[in-house]
Amino acid sequence: MRLWLLLAVSFFCCLSFSVAKHPNRPLASGRRRRGKKMVRQGKMPKDSGDNGALLFIETYKGVQEPKPDYNVIPGNTGQCVFQGITMFDKTVWSPKPCVTCLCSSGEVVCDEMQCPLLQCQLKFKPIGECCPICIDSKVHEVSENSGDSPAPNDPSYGTIPHLQTQTEESLRRQKQKEEEERIRKKDTERKKRKKQKKEAERLRKQLEEQAKEEELRRLREEAEEKAAAEEMRRRMEEHRRAEEERMRRLEMEQREMLRAFEEAAERAQRGRREEEEDAEEEEMVWLRGDVFQMPSHRPTPASLPPLSAPPHTRDASQMEGVEEEEEEEEEEEEGEEEEEGVIGEKEEDEESRRITYLLPKGCTISDVIVSCENAKLTSIPALSIPELKSLNLQGNAITTIPGGAFNGIPNLEWIDLGKNKILSSGIDPQAFRNLKFLSRLYLDGNLLEVVPRGLPHTLQELKINENNVKEIQESSFRGLSSLVTLEMEGNLLSEGTVNPKAFVTTKELTYLRMGRNLFRTIPQGLPPSLQELHLENNLIEEISEGAFNQSKNLNVIMLRHNKLDETRIAPLAWINHKSLESVDLSYNKLHLVPSFLPKSLIHLGLVGNRIERIPGYVFAHMEPGLEYLYLSFNKLDGEGVEPESFFGTLNTMTELCLDHNQLTSVPAGVNEMTSLHFLRLNNNNIRHVGEDSICDPLNDEDSHLVALRLENNFIDPRKIPPSAFSCVRSYSSVVLKPQRIK
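Residues numbered from 1 in each chain as written. Predicted model: local features only at pLDDT ≥ 70, side-chain atom pairs only at ≥ 80, totals over all residues. Heavy atoms only, no water.

Participant: Explanation requested: the side chain of Asn712 in the structure shown.
Facilitator: Mapping Asn712 onto the fold places it in the loop between β24 (707-709) and β25 (734-735). Classification of Asn712 by relative accessible area gives buried; the value is 18%. In this structure Asn712 touches Asn683, Asn684, Pro738, Gln739 and Arg740, once residues within four positions along its chain are discounted. (Helix = DSSP H or I, 4+ residues; strand = E, 2+ residues; numbered from the N terminus. Buried < 20%, exposed > 50% of the residue type's maximum accessible area, 1.4 Å probe, protein only. Contact = heavy atoms within 4.5 Å.)

Right, here's the structure in full:
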């Protein structure tokens, strides 16, 4: 600031000197322009003579032109024109910073200021100056201009120390700015590195979390699969234990009834009259190895009783019925216990009522079972009970199954949709896909024409009985690798509408029911895993040689109520099957006991045919030998049984039914059957029972016959030898009355 004052004082002194020397000379005039004030740096050129002063025009500071326009005023030599402004001769101005111009004899001469080379350590460039200056030289120059050191009243007093202080302050500020800039850059770099580190850490954590989530998901899936497998094993184990328990109970019941038989016999031996014994015998339940009781008269084909298998080969439907009855009894007992326990538990009662309110009218809930049987429903009820395991919708008017019908009950294991009006077109392909635990699905008694699509792979039991299914396509059972039981009775299937490749994917299928259809031959493509095949009530006329070639594990074949005769059964159709133990050919058109029966056969049903003869050695090839033979309701007479007819069964036959035939005597070979427990010869034309007809008097072994029926023949009980029934365990087990003699 003080430098500006010095320059201004110098300018006014020069101007006053010039005016005093030339009082009549007008001053240069011009308009003052806006712009940044500039200070000419360096020393001003000295006047050579006339003017003796310098003229500094601040008005033109800051003017930036690439090439100034200089003119000489015509007729006025010695004056110059600069951008329309007249300059007197010897006038000095600065059009640009660090540029000095002079009007000399009408010409403009400009000179750019050159900065001198300074020989000092401390340099400083004042604001607005062109060249830097030395602080010492500046002090010296100011001192020279003022003579000695300035006085306190001099305007330049205090300028030098202040200038030094200002310079130091400027340098300090500059260093401070540089230091701040360096620190700022360092902070910025540090923040940037920190941010990058945080970003890297975040990405690392994100990757670790993703890896953890993936690992957790994998572990969860493995746990779910393991839990599902464990649940499957548990259910199978429970089913096995239940079956063992049921068999144990049946065995105990049989033993109890046998014991009751023995006690009744003992009471009879103590003096009960024979008539009372006969009356009691008529009321007793007839015991057999498979709990089978034949009717006392020949029934019509429509009312013929089903043939029961022995305990180890019994019809699975009968076993299932017994299981269902037992389950119902257990459920009723559990329900009574729950009702007694709920009386004192108000919270559970309120919860139960709350859940009941969510059910449609006519539906009930018990534990994890919801029953809407015969509730007049027209659609699948919208339920939201994730714990639900079983849903019974039997006997309603449901026509469709939409895609999200079971979204609220994803843990279902059993669904019964029997006796509704469901159409094939009304089942959405996605309806059952989300049921990951569904193992049993019943669709009996609907209007289905094809097997539903999109069934879950966990399905083990599928029932589509009593529908209108006309075709089984190659893809009908695709994905059902866990299917064990399939029932399709009462449909419109035939051998031409069942694709031979339909059962390729059903590698666990063991139980197949296709009765009451339109088959004329055995359907092709049966799976190798099949153990039980039920084709009763069809139109089968022939069993070809390759009918069972793929199904080497067959154990039971049911062919009741068909149109087979012995000439249409190929010799090699099943003779070499090592697992086939039970064959039922009842109610066909057989005239002879078929030859080439399976070697492993144990149970043979031939009830209700037209059999007139049992050929000799027809059972001789069987190993270990036939145990159960049912020939009731045939046309066997006195010549129909040969002495060799039962060869091969004498040590194995356990139950022999020859009732309701035309036999005139006890068949030869019966007395040699050492393992025979049940013998039925009732409703024949037998007139005499010899001493060795039924029991071998030379056999000293214990009695083996448990029950013997001879009623409705022409036998006179008074003419029976005393030792005729010596092999019978108890006389009370021999049924002789009534007879058809007067």
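Here the narrative resumes, following the displayed structure.
Participant: Whenever I open this one, the state of the cysteines confuses me. Can you help?
Facilitator: Covalently bonding the sulfur atom of one cysteine to the sulfur atom of another cysteine gives a disulfide. Counted according to the given criterion, the structure contains four disulfides. Shown here is the disulfide that connects Cys80 with Cys103, its sulfur atoms set 2.1 Å apart. Residues Cys80 and Cys103 are joined through a disulfide that is right-handed, its torsion about the S-S bond being 90°. One end of the pair, Cys80, is in strand β2 (residues 80-82); the other, Cys103, is in strand β5 (residues 99-104), and 23 residues separate them in sequence. (Disulfide = S-S within 2.5 Å.)

Participant: I would appreciate a short explanation of the environment of Leu663 in the present structure.
Facilitator: Here Leu663 lies in the loop between β22 (655-657) and β23 (678-680). Given the relative accessible area of 2%, Leu663 is considered buried. Separated by 50 residues in sequence, Leu663 and Asn713 place their C-alpha atoms 9.5 Å apart. If we skip the residues at most four places from it in the chain, Leu663 touches Leu636, Asp637, Gly638, Val641, Leu658, Leu681, Asn684, Asn685 and Ile686.

Participant: Even after reading the chapter, I still don't get a positive patch on the surface, so can you show me in this structure?
Facilitator: On the surface, Lys563, Lys589, Arg610 and Lys635 cluster together into a positively charged patch. Here Arg610 is to be found in the loop between β20 (603-605) and β21 (628-630). The exposure class of Arg610 is partly exposed, given its relative accessible area of 38%. (Patch = residues over 30% accessible without salt bridge, like charges linked within 9 Å, V, L, I, M, F, W, Y side chains within 5 Å. Areas by Shrake-Rupley, 256 points an atom, 1.4 Å probe, with all protein chains shown as cover. Salt bridge = Lys/Arg side-chain N within 4 Å of Asp/Glu carboxyl O. Lys, Arg positive; Asp, Glu negative; His and termini not counted. Charge placed at Lys NZ, Arg CZ, Asp CG, Glu CD.)

Participant: Help me understand a negative patch on the surface in this model?
Facilitator: Together, Glu672, Glu691, Asp692 and Asp696 make up a negatively charged patch on the protein surface. Its relative accessible area of 44% is what places Glu691 among the partly exposed residues.

Participant: So what exactly am I meant to see when it comes to unusual backbone geometry here?
Facilitator: Negative phi values dominate among residues other than glycine, just as trans dominates among peptide bonds. Look at the link from Glu623 to Pro624: it is a cis peptide, with omega at 0°. For the bond running from Lys737 to Pro738, omega is 5°, close enough to zero to count as cis. You can see Pro738 is positioned in the segment after β25. Positive phi values are uncommon outside glycine, yet Asn374 reaches one of about 55°. With respect to the element layout, Asn374 can be found in the loop between β10 (369-371) and β11 (390-392). For Tyr617, which is not a glycine, the phi torsion comes out positive at approximately 60°. With respect to the helices and strands, Tyr617 occurs in the loop between β20 and β21. Overall, the relative accessible area of 48% leaves Tyr617 in the partly exposed class.

Participant: I'm lost on the packing of aromatic side chains in this one. Help?
Facilitator: This model, assessed by the stated rule, comprises five aromatic pairs. Between Trp414 and Tyr442, the ring centres sit 6.0 Å apart and the planes meet at 80°, which makes this aromatic pair edge-to-face. Of the two residues, Trp414 sits in strand β12 (residues 414-416) while Tyr442 sits in strand β13 (residues 440-442), which places them 28 residues apart along the sequence. For Tyr442, a relative accessible area of 7% corresponds to the buried category. For the ring pair Phe548 and Trp574, a centre distance of 6.0 Å and an interplane angle of 10° mean the geometry is stacked. Of this pair, Phe548 sits in the loop between β17 (532-534) and β18 (556-558) while Trp574 is found in the loop between β18 and β19 (582-584), placing the two residues 26 residues apart along the sequence. In this arrangement the basic side chain of Lys463 is found over the ring face of Tyr442, its NZ or CZ atom lying 4.4 Å from the centre. Directly above the aromatic system of Phe714 lies the positively charged group of Arg687, at a separation of 4.5 Å from the ring centroid. (Phe/Tyr/Trp six-rings, centres within 6.5 Å; stacked < 30°, edge-to-face > 60°. Lys NZ or Arg CZ within 6 Å of the ring centre and 35° of its normal.)

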